[in-house]
Protein chains: 2
Amino acid sequence: MLYVILDRALFESPSKLLGVARAAAANGADIVQLRNKIDTPRQVTEMARAIKEITRLRGVKLIINDRPDIALASGADGVHVGQEDLPLFWARAILGKERIVGVSTHSLKEAKEAEQQGADYIGLGAIFATPTKPEVRPIGMRLIAKVLKEVRIPVVAIGGINRDNVTNILDAASGMSTKFGVAVVRAVCKAEDPSAATRQLKELIVNRSEALAV
Amino acid sequence: MLYVILDRALFESPSKLLGVARAAAANGADIVQLRNKIDTPRQVTEMARAIKEITRLRGVKLIINDRPDIALASGADGVHVGQEDLPLFWARAILGKERIVGVSTHSLKEAKEAEQQGADYIGLGAIFATPTKPEVRPIGMRLIAKVLKEVRIPVVAIGGINRDNVTNILDAASGMSTKFGVAVVRAVCKAEDPSAATRQLKELIVNRSEALAV
C-alpha cells in the first residue's frame, strides 16, 4: 500500500500541491494525506475539498493531518493525529466509526497503545532521518517486523523512504504486505516528475509484495 | 459584559497565562477566551482543561479560539471562529446547540450573515488599531450602534479597547448594554496587575451601563 503525504510546506502554491495530488491519485497512491500547517483553516478546508474531488474519482482515500474538524468539514475519509495532536478519543468522537483515524507512533509501546485506543492504522517512524522533520530521531528498520507481529491494524512505515530504500523496507516487513504500507513525502512531492515517481514506487511495492508472498 | 482574551503569544510560559486566567475569573470577567496558536494541540487541550477548572468555580464561560475539536476535547463552553477559520456550520456540527459558537465580524454585512448562520454572538472589530493584530484595519466606533440595531444576538466590541477608551465604547453602544460586551486582550494580559485591571474594567462597564440605563 502506497500512502502519499502532500506537505504544503514543500509547495510554492496551492495549485502546485493540487497538481501533485492529481499525479499521485492517478498513478497508484492508495491514500493521500494533506498536511498543511501554513494556510488558514478556511483555506485548508477548501484545499481538502478540492483534493477530495480528485481522489473520489479514483477510489483513493483522503486523510487530513491533525484536524478532525477540517476532515469533517471537507468530507475527507479521515484524520491522522500525532502524539502532540488532539487525543485519538476526541478525533473519533468527532469523526465517528465510519471514518479513518490514524496515529503516529515511534515505538512498540505507542503502537500497541494506539491499537488499544481504537486507531484504524498506525504510522511508524521515522524509519530514516528526513529533512521534512529534522527534529525527529530515526528508529531504524528493525521495529517494523516487531510491530507488525504485535499489532493487528495496518502499519504504515514513514520517514525518509524513497525509491532507493523502499525494497529494504518491504523486506523488513517480511511478507506481511496485506497490512503493511509505505508513506512517502519528498519522494513524490519533490520529484521532478511526481506521476512517474508515484508509478515507480507503486510498482516496486507491488512487485516486491508479490515476490515475498510467493 | 467583560470578555477577556488570553493570548498565549503574550505570555512567557503557560503558568503565567493560567495566573492571568485566575485573576480575570476572580475579578469580574464574564467570559474568557483562550487564543493559543503557539503550543501543540495536545498542550492547548491541557491548558484549556486547566482554565476550565478555574472558570467553572466562578461561573465564568470558557471559549476556545479557532478549534471546535479542542473546545470539545477540553470541556470548554464554546468556540470562537474568525472569517478565516472553519466555517460556523461545521463548528456547530461538532459542538451542538448547547455550546457557544461566536464569530469575528468586521462589517454590518458579516455581522448579519453570522447571525443568519446561527452564531450565538459576534465579535465586532477591530474598533481601534491594536499591536495584537497589526495587519487589521480598524473600523472605528460608528459601526457599533448600527450593528446593535440590526442584529439580535450579543455583540462584543474588540480591538485596542482599554481603561481609557472603554467608556467611549459603551457610549457608542448607546445604552444597549444587555446584549453588548467589551473584549480586551492586552489591557488585562499585559497589565502590571491583571486582577486590578480586570476589576477596574468591570467597574467602568457596570457603572456606565447603569448610568446609561437610567
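Scope of this entry: the structure provided in the associated data block.

About the thresholds
- Residues numbered from 1 in each chain as written.
- Chains lettered and ligands numbered in written order.
- Predicted model: local features only at pLDDT ≥ 70, side-chain atom pairs only at ≥ 80, totals over all residues.
- Heavy atoms only, no water.
- Helix = DSSP H or I, 4+ residues; strand = E, 2+ residues; numbered from the N terminus.
- Rg over C-alpha atoms; globule rule 2.2 N^0.38 Å.
- Buried < 20%, exposed > 50% of the residue type's maximum accessible area, 1.4 Å probe, protein only.
- Contact = heavy atoms within 4.5 Å.
- Areas by Shrake-Rupley, 256 points an atom, 1.4 Å probe, with all protein chains shown as cover.
- Buried area = accessible area lost by both parts, 1.4 Å probe.
- Salt bridge = Lys/Arg side-chain N within 4 Å of Asp/Glu carboxyl O.
- Polar contact = N/O pair within 3.5 Å; in protein donor to acceptor, adjacent residues only side chain to side chain.
- Nonpolar A, V, L, I, M, F, W, Y, C, P; charged D, E, K, R; others polar.
- Least-squares fit on C-alpha atoms with pLDDT ≥ 70 in both.
- Phe/Tyr/Trp six-rings, centres within 6.5 Å; stacked < 30°, edge-to-face > 60°.
- Pairing = 2+ DSSP bridges.
- Axes fitted to C-alpha atoms, helices over the stretch in contact; angles between N-to-C directions.
- Core = buried A, V, L, I, M, F, W, Y, C linked by side-chain atoms within 4.5 Å.
- Right-handed = clockwise from strand over helix to strand, strands pointing away.

### Focus: the overall build of chain A
Then, in step 1: Check the secondary structure of chain A and you find 9 helices and 8 strands.
Then, in step 2: Rg of the C-alpha trace for chain A: 16 Å, near the compact-globule value of 17 Å for 214 residues, within the 12% margin.
Then, in step 3: Each of the three principal axes of chain A carries a C-alpha extent, and together these read 45 × 40 × 35 Å.
Then, in step 4: Across the 214 residues of chain A, 56% fall into the buried class.
Then, in step 5: At a minimum sequence separation of 6, the contacts of chain A that also span at least 24 residues come to 62%.
Then, in step 6: Just so you have it, chain A exposes about 9,500 Å², and 51% of that area is on carbon and sulfur atoms.

### Section: the interface of chain B and chain A
Then, in step 1: Counting from both sides, the interface comprises 21 residues of chain B and, opposite them, 21 residues of chain A.
Then, in step 2: Between chain B and chain A the total buried area reaches about 1,800 Å² when both faces are included, carbon and sulfur atoms providing 58% of it.
Then, in step 3: If you sort the residues of chain B by the area they bury against chain A, R42, E84 and W90 of chain B come out on top, with a joint share of 30%.
Then, in step 4: Summed over the shared surface of chain B and chain A, the number is 2 salt bridges.
Then, in step 5: Of the charged contacts, one joins D66 of chain A and R67 of chain B as a salt bridge, the two residues approaching to 3.3 Å between their closest N and O atoms.
Then, in step 6: Viewed at the interface, chain A and chain B are joined by 10 residue pairs in polar contact (both at pLDDT 80 or more).
Then, in step 7: Of all the secondary-structure elements, those providing two or more residues to the side of chain B that touches chain A are α2 (41-56), α3 (68-74) and α4 (88-95) of chain B.
Then, in step 8: Looking at side-chain class alone, the side of chain B that touches chain A contains 9 nonpolar, 5 polar and 7 charged residues.

### Points about the relation of the copies chain B and chain A
Then, in step 1: Relative to chain A, chain B is turned by 180° and slid 0.0 Å along the rotation axis, the superposed coordinates differing by an RMSD of 0.0 Å. The superposition of one copy onto the other is thereby described by a two-fold rotation axis.
Then, in step 2: Most of the interface of chain B is mirrored in chain A, where 100% of its interface residues are also at the interface.

### Here we look at the packing of aromatic side chains
Then, in step 1: Taken as a whole and assessed by the stated rule, the structure comprises 4 aromatic pairs over all chains.
Then, in step 2: On the numbers, 5.0 Å between centres and 80° between planes, the contact of F89 of chain A with W90 of chain A is edge-to-face.

### Examining the sheet that holds strand β1 (residues 2-7) of chain B
Residue and element names in this part refer to chain B.
Then, in step 1: One closed barrel accounts for 8 strands, arranged β1-β2-β3-β4-β5-β6-β7-β8; its pairing is parallel. Ignoring strand direction, the axes of neighbouring strands in this sheet form an average angle of 25°.
Then, in step 2: Across 4 bridges, strand β5 (residues 100-105) lies against strand β6 (residues 121-125) in parallel orientation. Within the sheet, the bridge partner assigned to T105 lies in β6 and is L124.
Then, in step 3: Taken strand by strand, helix α1 (residues 14-26) contacts β1 and β2 (31-35), and its axis lies near 175° from that of β1.

### Things to note about unusual backbone geometry
Then, in step 1: Cis rather than trans, the peptide bond between G125 of chain A and A126 of chain A has omega equal to -5°.
Then, in step 2: Checked against the element boundaries, A126 of chain A lands in the loop between β6 (121-125) and α6 (142-150).

### Concerning the pattern of salt bridges
As a working rule, side chains carrying opposite charge can pair if their charged atoms are close by.
Then, in step 1: Counted by the stated rule, this structure contains 28 salt bridges over all chains.
Then, in step 2: Two residues, D171 of chain A and R208 of chain A, come together in a salt bridge whose shortest N-O distance is 2.7 Å. Pair noted here: D171 of chain A is in helix α7 (residues 166-172) and R208 of chain A is in helix α9 (residues 194-213), with a separation of 37 residues, a long-range link.
Then, in step 3: For D171 of chain A, a relative accessible area of 31% gives the class partly exposed.
Then, in step 4: If you follow the salt bridges from partner to partner, you end up with K37 and D66 of chain A together with R67 and D69 of chain B in one network.

### Considering the sheet that holds strand β2 (residues 31-35) of chain A
Residue and element names in this part refer to chain A.
Then, in step 1: Taken together, the 8 strands give a closed barrel; going around it, the order is β1-β2-β3-β4-β5-β6-β7-β8, and neighbouring strands pair in parallel fashion. On average, adjacent strands in this sheet sit at an angle of 25° to one another, irrespective of strand direction.
Then, in step 2: As judged from the 4 bridges shared by β2 and strand β3 (residues 61-65), these two strands associate in the parallel manner. Of the residues in β3, the one forming a bridge with I31 is K61.

### Regarding the nonpolar core
Then, in step 1: Formed by 149 residues in total, the largest nonpolar core has its most connected members in I51, I144 and F180 of chain A together with I51, I144 and F180 of chain B.
Then, in step 2: When neighbours within four sequence positions are excluded, I51 of chain A is seen to be in contact with L6, L17, L18, A21, V32, L34 and L62 of chain A.

### Quick notes on the pairing of strand β8 (residues 180-184) of chain A
Residue and element names in this part refer to chain A.
Then, in step 1: Most of β8 sits out of view: 5 of its 5 residues are buried.
Then, in step 2: Every second residue of β8 is oriented toward a common face, with F180, V182 and V184 on one face and G181 and A183 on the other, all of them buried.
Then, in step 3: As paired elements, strand β1 (residues 2-7) and β8 share 3 bridges and run parallel to each other. What sits directly across from Y3, in β8, is A183.

### Describing the pairing of β1 of chain B
Then, in step 1: With respect to burial, β1 of chain B is a largely interior element, 6 of its 6 residues being buried.
Then, in step 2: For the crossover from β1 of chain B across α1 of chain B to β2 of chain B, the handedness is right-handed.

### A word on the side chain of R92 of chain A
Residue and element names in this part refer to chain A.
Then, in step 1: Following the sequence through the fold, R92 ends up in helix α4 (residues 88-95).
Then, in step 2: For R92, a relative accessible area of 18% translates into the label buried.
Then, in step 3: Within the local environment of R92, its side chain forms a polar contact with the backbone oxygen of G118, the two atoms lying 2.7 Å apart.
Then, in step 4: Contacts of R92, omitting those with residues within four sequence positions, involve K97, R99, V101, G118, A119 and D120.

### Remarks on the side chain of D77 of chain A
Residues and elements named next belong to chain A.
Then, in step 1: For D77, the position within the fold is in the loop between α3 (68-74) and β4 (78-81).
Then, in step 2: Classification of D77 as buried rests on a relative accessible area of 17%.
Then, in step 3: Setting aside its immediate chain neighbours within four residues, D77 contacts K52, V60, K61, L62, R99 and I100.

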